[in-house]
Amino acid sequence: MVKQLQYSSVAQGMSGYAGFQYVASSPDAGVDEQQILAPYMSYRPPLDAPTQPADYELARFPVSLTYARVGANFVIAQSCYLGRDYSGRYGNYLSHGLIATEQELEGLRPIELWGSPTWPTRVAAQSELASLDVVESGGVLDPVRVQQFLASRGDSGYRLLGALLGAICQNEGAGGESIVLTANDSDDVARYIAALSYSLPTSVVTELSFTTYSGEPVIAHQRLVGTTPAVWESTRPRGMVFHLDKPGPTTADEYRRYVQIVVDAWRVGDFDRLDEVVETAEVVGEIDAAGAVCSFAHGVVLDPSELEILAGCLHRAGPLLPDSAWTALDAAMSTVRLQVALRLYTAADVERRPRLESGVRQAVDNEIRRTASFTDLVEVLTTSADAGISGEYQAIVAAARRAAHADPTAIVGSIDRCPATVRPALIDGACRAIAAADWQVRDHALTDDLCTRLSVGGVRVPEVVGLYLQARRSREAPYVGTEFLAELAARREAGTLVDGELARLISRLWRGRVADPRWCADLVAVFGCTVVFGTEIAAVLDRTIHDTDTQWRSRAELGAIVLTKIAEEQPRPTRMLTSFEDHSRFIIDVDGVLKAVGANRSPVDHLRAAYQARRRSSEQLIAQGVWLLARAFVDYVPEVQAELLDLAPAWHVQLVGRWIDGDDHPRPPADVVELVLQVRRLKFRSAELEQILRVRVRGKAERRVVLAELRRRDPSLERELLEFISGPDSSGIGAKFAAWKGRSGRE
């Protein structure tokens, strides 16, 4: 029950004598209650008030509503000026005091008793007052009315409220000096005290003592002390003073986060926002912490000191925060930089961390998307992994692709530093970028070291990158099969593997060692000589052919296979095998050699020099090479064929016979004749060849056609033919033809 006591100047009160005394009380209010209320049961009129006011002037005197907490009791007293006492003297007042417990005032702020019907306007007729079950609110102060009042004051009203809140928060919980509020109307003081009461958590409000009016502010011990301007001017009490009728300049920059939120809520009448920050302050127990929580939750950027306050709040009072606060905090996590999000996430108690996980993951992904290098990306992944948070797979893939595009060689060291949980995503993104790059970039990036790392752990890589890994693994294998060749051929056929990259892959496969001759033979059979000799693959074959540890027969067979492939690929080949010694000139351009004929240079000087340098090698190998070269040159001009015969004199008849017969069609008679004559120029005599020559010029008509064609090609060949057919074994054919030619005047 709420205890009541009344104090005034009467002829006879509870003390039994005249004068100021307790005049009435509830049955449960005794001496102790009288002593508790005594400091608050007084009233001194303003100095500028009329000393003998008329009845209508009494209403202008300020009303003093005083509140204080005394131990476990809430003490509330209202004092008003009555004017005359029982004897007719001026100076009488009426003080009515209540003593209640926290439960008895639950749901009420002390200032809400302003204007309550509980307060009497005259002295009680009887000495006994009823104990109160309920204390009624005055109904004149509530958030809506207070907001309307502040709005009527304009911007200065809100700024003044902010300044008052800042002054209270500055010494929160420490008592501090009194804050004096001056106003001619005590109603305005009550309204500002109400605004403060609605802006602060209950735990602070219950400790915030106040009086709406004191005629002696110098000795008033309440935290908020209302008075009139005249009283303040005459007494000048210590402490901060705020003149409500003429508020001084204040700036929002001076406000703390909590104050900013409160003032902004009052400005727009956002009572939900106001309740949110007040309730947060209630549960966390700190004004600054509540301001940090609510500001961060609404997207405000906090400075480092405020972030530390927020982190401490989550660690210390996290379980007390309402679900709505955690939901807002989680949403805000995605808007801040990663360091801030992780600091708050790790500061939260373990049970509440899952409430922030969605926002923190978003913050991690946002930070990942901002990275441009492997160094930055790995740092983000490591930092988040230390907090138990992994970034989204596709975000890491995209970031790794960007980093690899900028510097594809940096991935090697990044793989080692990257946390194992997200390493597959890092590798995936880097490999995708490498796969999409030009093959030269890919070849440069996929070093042996990187291929070794990518081969461990079963990481899936793009198919083109897998070729490099397979080449690296096959290099360590005791035997390299042809399956790899088949895969390369299929990709080349499909247009996904260019010859340059094909060559690099094969070179990687046999880097630093000699290829198996059988494998080389398969290589030539699969890709042909145009691809092999047009790229650095030729060096692989060259090393094999020159390797003295490889049986000469295997090397000879490989050389024969290569030459055979040349002949099969092109009836008129553009490239040919020239040297088993110089791998950089393993092949030469035959077209270029043929062009040299016009410059009076031997078209096969290169061939001759190459084979002369091979005297220490197997003659059989040379013979096979020459035979197959001759086959390849079956359709070339006789002059070149004749010079080629000089490389293998033991096979003149066989080679010439093959060239004369052709592959599938006979050679023109003039070509056959020229070929035999060119062979004769090499000081080579063969009855078989001369018989072939005689057969080709036996008929008069045939002889006339051949001579005319030789005259057109080279007149010296015509003369040599005439000399041949005029010889002792020619039956005088040449002489007769020469005489006929002279009589007819023909050249």
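Residues numbered from 1 in each chain as written. Predicted model: local features only at pLDDT ≥ 70, side-chain atom pairs only at ≥ 80, totals over all residues. Heavy atoms only, no water.

Participant: If you had to explain the overall build of the protein to someone new, which residues and values would you point to?
Facilitator: Secondary structure summary: the protein contains 36 helices and 11 strands in total. For the protein, contacts bridging at least 24 residues in sequence account for 66% of all contacts bridging at least 6. Working note: accessible area of the protein is about 34500 Å², and carbon and sulfur atoms make up 50% of it. (Helix = DSSP H or I, 4+ residues; strand = E, 2+ residues; numbered from the N terminus. Contact = heavy atoms within 4.5 Å. Areas by Shrake-Rupley, 256 points an atom, 1.4 Å probe, with all protein chains shown as cover.)

Participant: Please provide a residue-by-residue account of the confidence of the model for the protein, values included.
Facilitator: Residues of the protein with pLDDT of at least 70 account for 78%, and the chain-wide mean is 79. The secondary structure element of the protein with the lowest average pLDDT is strand 11 (residues 587–589), at 32, and the one with the highest is strand 7 (residues 210–211), at 96. Taken together, the stretch residues 570–625 has pLDDT below 50 and engages in 102 contacts with residues farther than four places along the chain or on a different chain. Counted against residues more than four places away or in other chains, residues 731–747, with its pLDDT under 50, gives 17 contacts. (pLDDT = per-residue confidence, 0-100.)

Participant: Hey, could you go over helix 15 (residues 374–386) for me, with residue numbers and the actual values?
Facilitator: Over its 13 residues, helix 15 runs 18 Å from end to end, which matches the ideal 18 Å to within 8%, given 1.5 Å per residue. Among all positions in helix 15, only Phe374, Leu377, Val378, Val380, Leu381 and Ser384 are buried. Seen from one end, helix 15 has its buried residues packed into an arc of 160°, which puts them on one side. Facing away from the buried surface of helix 15 by more than 90 degrees, the exposed residues are Thr375 and Asp386. Where the residues of helix 15 are buried, they touch helix 13 (338–347), helix 14 (353–370), helix 16 (393–406), helix 17 (411–417) and helix 18 (423–436). Where helix 15 terminates, the next one or two residues include Gly388, which has phi positive at roughly 80°. (Expected span 1.5 Å × (residues − 1). Buried < 20%, exposed > 50% of the residue type's maximum accessible area, 1.4 Å probe, protein only. Arc of directions from axis to C-beta.)

Participant: Please give an account of the pattern of salt bridges that cites residues and values.
Facilitator: As enumerated under the stated definition, the model contains 32 salt bridges in all. Taking the shortest distance from any N to any O, the salt bridge between Asp155 and Arg159 comes out at 2.6 Å. Here Asp155 pairs with Arg159, and both are found in helix 4 (residues 155–170), just 4 residues apart, close to one helical turn. Taking the relative accessible area as the measure of exposure, Asp155 reaches 37% and is therefore partly exposed. Classification of Arg159 as partly exposed rests on a relative accessible area of 26%. A salt bridge links Asp443 to Arg508; the shortest N-O distance between them is 3.1 Å. (Salt bridge = Lys/Arg side-chain N within 4 Å of Asp/Glu carboxyl O.)

Participant: Give me the lowdown on the pairing of strand 6 (residues 179–182), citing residues and values where you can.
Facilitator: Residues of strand 6 alternate between two faces, with Ile179 and Leu181 on one and Val180 and Thr182 on the opposite face, all of them buried. Of the pairings in the sheet, the one linking strand 6 to strand 8 (residues 224–227) comprises 4 bridges and is parallel in character. Paired with Ile179 across the two strands is Leu224, which belongs to strand 8. The pairing of strand 6 with strand 9 (residues 240–243) spans 4 bridges and is parallel. Within the sheet, the bridge partner assigned to Thr182 lies in strand 9 and is His243. (Pairing = 2+ DSSP bridges.)

Participant: So what's going on with helix 9 (residues 271–284)? Residues and values would help.
Facilitator: If you check helix 9, its first and last C-alpha atoms are 20 Å apart, about what 14 residues at 1.5 Å a residue would give, namely 20 Å. Taken together, the buried positions of helix 9 are Leu274, Val277, Val278, Thr280, Ala281 and Val284. Down the axis of helix 9, the smallest arc covering the buried residues is 155°, so these residues share one side. Residues of helix 9 that are buried in the fold lie against helix 5 (186–199), helix 8 (257–268), helix 10 (287–297) and helix 11 (304–317).

Participant: An account of the packing of helix 16 against helix 18 is needed here, citing residue identities and associated values.
Facilitator: Close contact between helix 16 and helix 18 brings their axes to 7 Å; oriented N to C, the two are set at 45°. In terms of axis orientation, helix 16 runs oblique to helix 18. For the pair helix 16 and helix 18, the crossing hand works out as right-handed. Touching Tyr393, Gln394, Ile396, Val397, Ala400, Arg401, Ala404 and His405 of helix 16 are Pro424, Ala425, Leu426, Asp428, Gly429, Ala430, Arg432, Ala433 and Ala436, all from helix 18. Here the residues of the contact of helix 16 with helix 18 sort into 11 nonpolar, 3 polar and 3 charged. (Axes fitted to C-alpha atoms, helices over the stretch in contact; angles between N-to-C directions. Parallel < 35°, antiparallel > 145°, perpendicular 65-115°, else oblique. Left-handed = near helix turned anticlockwise from the far one by under 90°. Nonpolar A, V, L, I, M, F, W, Y, C, P; charged D, E, K, R; others polar.)

Participant: How would you summarise the pairing of strand 2 (residues 19–25) if you had to cite specific residues and measurements?
Facilitator: Among the 7 residues of strand 2, 6 are classified as buried, and the element is accordingly described as predominantly covered. Sheet topology note: the strand 1 (residues 3–10)/strand 2 ladder contains 6 bridges and is antiparallel. Within strand 2, the residue paired with Val10 across the bridge is Gly19.

Participant: So, the environment of Arg60: which residues are in play, and what are the values?
Facilitator: Mapped onto the secondary structure, Arg60 falls in the loop between helix 2 (55–58) and strand 3 (64–70). With 11 residues separating them in the primary sequence, Arg60 and Ala49 have C-alpha atoms 8.9 Å apart.

Participant: How would you sum up the packing of aromatic side chains? Please name residues and give values.
Facilitator: Two measures describe an aromatic ring pair: the distance that separates the ring centres and the angle between the ring planes. Within the structure shown, the criterion is met by 13 aromatic pairs. Arranged with centres 6.4 Å apart and planes meeting at 40°, the rings of Tyr43 and Tyr93 form a pair that is tilted. Taken as a pair, Tyr43 in the loop between helix 1 (31–37) and helix 2 and Tyr93 in strand 5 (residues 90–100) lie far apart in primary sequence, 50 residues in all. Each member of the pair, Tyr43 as well as Tyr93, carries the same accessibility label: buried. Here Phe149 and Tyr192 contribute two aromatic rings whose centre-to-centre distance is 5.4 Å and whose plane-to-plane angle is 80°, an arrangement assigned as edge-to-face. With Phe149 in helix 3 (residues 143–153) and Tyr192 in helix 5, this residue pair connects regions lying 43 residues apart in the sequence. You'll find Phe149 and Tyr192 in the same group, each marked buried. Through a chain of ring-to-ring contacts, the aromatic side chains of Tyr7, Phe20, Tyr22, Tyr43, Phe61, Tyr81, Tyr93 and Tyr213 assemble into a single cluster. (Phe/Tyr/Trp six-rings, centres within 6.5 Å; stacked < 30°, edge-to-face > 60°.)

Participant: Tell me what's going on with the sheet that holds strand 7, and back it up with residues and numbers.
Facilitator: Sheet architecture is open: 9 strands sit in the order 2-1-5-4-3-7-8-6-9, paired in mixed fashion. Two strands close off the open sheet at either side, each with one partner strand: strand 2 and strand 9. Lying on the sheet, helix 4 is in contact with strand 6, strand 8 and strand 9; it crosses strand 9 at an angle near 165°. Strands strand 6, strand 7 and strand 8 of the sheet are contacted by helix 5, whose axis makes an angle of about 160° with strand 8.

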